Amino acid sequence: MAMTWDLSSYFPRFDAPETRRFKEELAAGIASLRSEAAALAPLSRETLPSWEKLLLQHEELLRRVSHWSSYVSCLAASDAANEEYLAEEADLSRLRAETTKLRVELLRAVKRASEADFGLLLAAPSFHDARNYLDRLRQEARRTMEPEKERLAADLGVDGIQAWGRLYDTVSSKLEFSMVFPDGTRETLPIAQRRSLMEHPDRRVRKAAFEGGNEAWRRVEDVTAAALNAIAGTRLTLNRHRGVEDFLEIALFQAAMSRKTLDALLEALFARLEVPRRILRLKARRMRDRGVAWYDLAAPLETDAAAGIPWEQAKAMVEEAFGRTYPALAEFFRGLNDKRWIDWEPRRAKRPGGFCTGSMLTGESRIFMTYKESLGDVLTLAHESGHAFHGHLLRDVRPYARIYPMTLAETASTFAELLLIGGLRKRPPTDDRRHAAMLDAEIGEAAVYLLDIPVRFEFEKTLYAERKNGPLTVSRLKELMVEAQRRILGDILLPGGEDPYFWASKLHFYITGLTFYNFPYTFGFLLSRALYAMFEREGADFLPRYEEFLRLAGSDTAENVVRRTIGGDPESPDFWTEAISSLEKPLSELESLYGGSTREG
């Protein structure tokens, strides 16, 4: 199957001799460095020079690992019907396991090192801009099992937790659903095309996509439930053996944020849930209904302005909007298209969802998405371009300082969405309908980030709490999802309007590399609003500070990156309350355009 992106700068062909040679040399390099590390005693004053040299070799190895991993992931996502790609993806899991076992030796080195000896490592000139990586290595080491058990866990992961994730990817990429359009036309479509249809301006189309898709997920409910239980169960078992009592501890570490920050974020959000609920009340009123169904969350309010945007027009919209707000981003976006770094075309055997991946070796990125001509798809294009631009700014930064958390990654992507919306709103002339569409694009995202994402978090939190006592049945998973949706959305969610299969259809629950792949989105969305408010006040003078923020993403905790670049205290509820409050003005403006408030009562 043809792909709409060009991967030839990675390798000329999948089956080319240089491709095989790269993989073989990479595997040999990992094995050699692991053997060398295993022979070293833990970090001390005497072994410091050896560990310093080895860590620098490991850092360079990460460039090549990221290159190969990105390439294989691109192939497997774009054409999941290709058995050679799937086999290579499975083999990539084995390669990553060997990389993990090399990392086990690094963890062993620093786990019991004295503060003085570890301080000497941090003080080495070669690591002056890699202290954050080494600090995190030390923190992670303190919650590890004995090295032989960690090596065993890495081996078992290939055919265990990661295999369950690959199974879900394979099932979802091949899954098809029956779509009955309002005119009676019936078509069998890949599940990857369902999301765009659930953002269609015609509610009948959204409902048909929702119902047809859920019937497809029902057919594989036992498989997805088994995968979800296995992934969660494996994590809980490893936590127990590593002495981790709170399953959120790992998620917070991966997000590079404190529990105090998460609590502050949730406190502010739950105190002001009525703000995003008002968005749904407005949708309900526009649909002449007393509430919304789950499939209405991402629906556009201004239907005529939101439908049928061809790909070429979408590219022009994004480039033009970026040009009005952030010319450097517009130039970068033009390069993404000129170099064909985006696989956008709808076709069978593509996996659902969208992502941006990159190579530390070449400094290039690739964007994967399925474009179906909705305004939501245009926002996705801007979102993933924000990720790619983040990688572009980090292209000359050392690998150890390029490993940044999802919290800050999602800030870059949602900031790009706000730049798109801001640029589109500046297009003259702006009639009420276009103005309403742009306001809707801005605040409509809040219904996802401030309602949908908390639903995922609340569901997953309960899932992990109950999974400690054994696997959950399909019925219980559906119950938990419905309960979370009703609790977060409140009375604006119509009776029977829940999505009991959201746990099966949302691929984020099945990503094995990160746990709780949800609350960092809300963090990033609200932080991006704080950044954008500063941008509106300061204009172009703000952009160098924003770029510094992006370049520091892998060099400190999420909180400290914020403090060092833009100020503010993410551990305070007031920080997040202010960001949520920034939605009031565009929401009230949109309510006025449609005639009246949607405040509860």
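For the structure, check the block above.
Given the structure is predicted, the values throughout are model-derived calculations rather than measurements.

Reading the values: rules and limits
Residues numbered from 1 in each chain as written. Predicted model: local features only at pLDDT ≥ 70, side-chain atom pairs only at ≥ 80, totals over all residues. Heavy atoms only, no water. Helix = DSSP H or I, 4+ residues; strand = E, 2+ residues; numbered from the N terminus. Buried < 20%, exposed > 50% of the residue type's maximum accessible area, 1.4 Å probe, protein only. Lys, Arg positive; Asp, Glu negative; His and termini not counted. Salt bridge = Lys/Arg side-chain N within 4 Å of Asp/Glu carboxyl O. Polar contact = N/O pair within 3.5 Å; in protein donor to acceptor, adjacent residues only side chain to side chain. Patch = residues over 30% accessible without salt bridge, like charges linked within 9 Å, V, L, I, M, F, W, Y side chains within 5 Å. Areas by Shrake-Rupley, 256 points an atom, 1.4 Å probe, with all protein chains shown as cover. Pairing = 2+ DSSP bridges. Axes fitted to C-alpha atoms, helices over the stretch in contact; angles between N-to-C directions. Parallel < 35°, antiparallel > 145°, perpendicular 65-115°, else oblique. Contact = heavy atoms within 4.5 Å. Nonpolar A, V, L, I, M, F, W, Y, C, P; charged D, E, K, R; others polar. Core = buried A, V, L, I, M, F, W, Y, C linked by side-chain atoms within 4.5 Å. Expected span 1.5 Å × (residues − 1). Arc of directions from axis to C-beta.

**Student:** How do you make sense of the side chain of lysine 283 when you look at a structure like this?
**Tutor:** Among the structural elements, lysine 283 can be located in helix α13 (residues 274-286). Of the side chains bearing the opposite charge, aspartate 440 lies closest to the buried lysine 283, which forms no salt bridge; the N-O distance is 4.3 Å. Within the local environment of lysine 283, its side chain forms a polar contact with the backbone oxygen of alanine 299, the two atoms lying 2.3 Å apart.

**Student:** Got a minute to help me understand a nonpolar patch on the surface in this structure?
**Tutor:** Together, Trp164, Leu167 and Val223 give the surface a local cluster of nonpolar side chains, amounting to about 220 Å² of exposed area. Locating leucine 167 in the fold gives a position in helix α7 (residues 161-174). Residue leucine 167 is classed as partly exposed on the basis of its relative accessible area of 34%.

**Student:** Even after reading the chapter, I still don't get the pairing of strand β5 (residues 365-368), so can you show me in this structure?
**Tutor:** Here is the key point about a regular strand: its side chains alternate between the two faces of the sheet. Because side chains alternate across β5, one face comprises the buried residues Ser365 and Ile367, and the other comprises Arg366 and Phe368, equally buried. Alignment of strand β3 (residues 342-343) against β5, held across two bridges, turns out to be parallel. Bridging across to β5, aspartate 343 finds its partner in phenylalanine 368.

**Student:** Whenever I open this one, the packing of helix α21 (residues 519-538) against helix α24 (residues 573-581) confuses me. Can you help?
**Tutor:** Helix-helix packing is described using two parameters, namely the angle between the two axes and the distance between the axes. At a minimum axis distance of 9 Å, the contact between α21 and α24 shows a crossing angle of 70°. Here α21 is positioned roughly perpendicular relative to α24, judged by the angle of their axes. Listed contacts from α24 to Phe523, Leu526, Leu527 and Arg529 of α21 are Phe575, Trp576, Ala579 and Ile580. A class-by-class count of the residues in the contact of α21 with α24 yields seven nonpolar, no polar and one charged.

**Student:** Please clarify how the pattern of salt bridges should be interpreted in this entry.
**Tutor:** Note on pairing: side chains with opposite charge can pair once their charged atoms come close. Using the criterion set out here, one finds 58 salt bridges in the structure. Between arginine 64 and glutamate 25 there is a salt bridge, with the nearest N and O atoms lying 3.8 Å from each other. Of this pair, arginine 64 sits in helix α2 (residues 48-78) while glutamate 25 sits in helix α1 (residues 17-38); the two residues are 39 residues apart in sequence, bridging distant segments of the chain. The salt bridge partner of glutamate 538 is arginine 545, with a shortest N-O separation of 2.6 Å. Glutamate 538 sits in the partly exposed class, given a relative accessible area of 31%. If you follow the salt bridges from partner to partner, you end up with Arg20, Lys23, Glu88, Asp91 and Arg94 in one network.

**Student:** For this particular structure, what's the right way to read the nonpolar core?
**Tutor:** Grouped burial of nonpolar side chains is what soluble globular proteins tend to show. Ranked by internal contacts, the top residues of the largest apolar core, which has 147 residues, are Phe322, Phe459, Leu489, Trp503 and Leu527. No other element matches the 17 residues that helix α18 (residues 432-467) contributes to this core. Apart from residues no more than four positions distant in its own chain, phenylalanine 459 is found in contact with Leu228, Leu477, Leu480, Met481, Ala484, Trp503 and Phe509. Grouped together as the second largest cluster of nonpolar side chains are 47 residues, Tyr10, Phe11, Leu55 and Leu75 included.

**Student:** I would appreciate a short explanation of helix α19 (residues 474-489) in the present structure.
**Tutor:** Because the α-helix completes a turn every 3.6 residues, residues three or four places apart line up on one side. Taking 1.5 Å per residue, 16 residues should reach 22 Å; α19 reaches 23 Å between its end C-alpha atoms and fits that length. Buried within α19 we find Val474, Leu477, Leu480, Met481, Ala484, Gln485, Ile488 and Leu489. Down the axis of α19, the buried side of the element spans an arc of 140°, and every buried residue falls inside it. Summarising the contacts, the buried residues of α19 are in contact with α10 (221-241), α12 (259-271), α13, α18 and α20 (502-505). Directly beyond the C-terminal end of α19, a positive phi value near 70° is found at glycine 490.

**Student:** Hey, could you run me through the environment of threonine 411 in this one?
**Tutor:** With respect to the helices, strands and loops of the structure, threonine 411 is situated in helix α17 (residues 406-425). Here threonine 411 falls in the buried class, since its relative accessible area comes to 0%.

**Student:** Please explain the pairing of strand β1 (residues 176-180) as it appears in this structure.
**Tutor:** Alternating residues of β1 divide into Phe177 and Met179, all buried, and Glu176, Ser178 and Val180, none buried. With five bridges connecting them, β1 and strand β2 (residues 186-190) associate as antiparallel partners. Within the sheet, the bridge partner assigned to glutamate 176 lies in β2 and is proline 190. Two successive antiparallel strands, β1 and β2, enclose a turn made up of five residues, where glycine 184 displays a positive phi of approximately 95°.

**Student:** It is not clear to me how the environment of alanine 268 should be interpreted in this structure. Could you clarify?
**Tutor:** On the secondary structure map, alanine 268 appears in helix α12. You can call alanine 268 buried: its relative accessible area is 3%. Between the alpha carbons of alanine 268 and proline 573 there is a distance of 5.3 Å; along the sequence they are 305 residues apart.

**Student:** Quick question: what am I supposed to make of the sheet that holds β5 here?
**Tutor:** Strands sit in the order β3-β5-β4 across an open sheet of three strands; the sheet is mixed. On the outer flanks of this sheet lie β3 and β4 (355-358), each paired with one strand and no other. Summarising the sheet, β4 and β5 pair through four bridges and their orientation is antiparallel. Within β5, the position partnered with glycine 358 by the bridge is serine 365.

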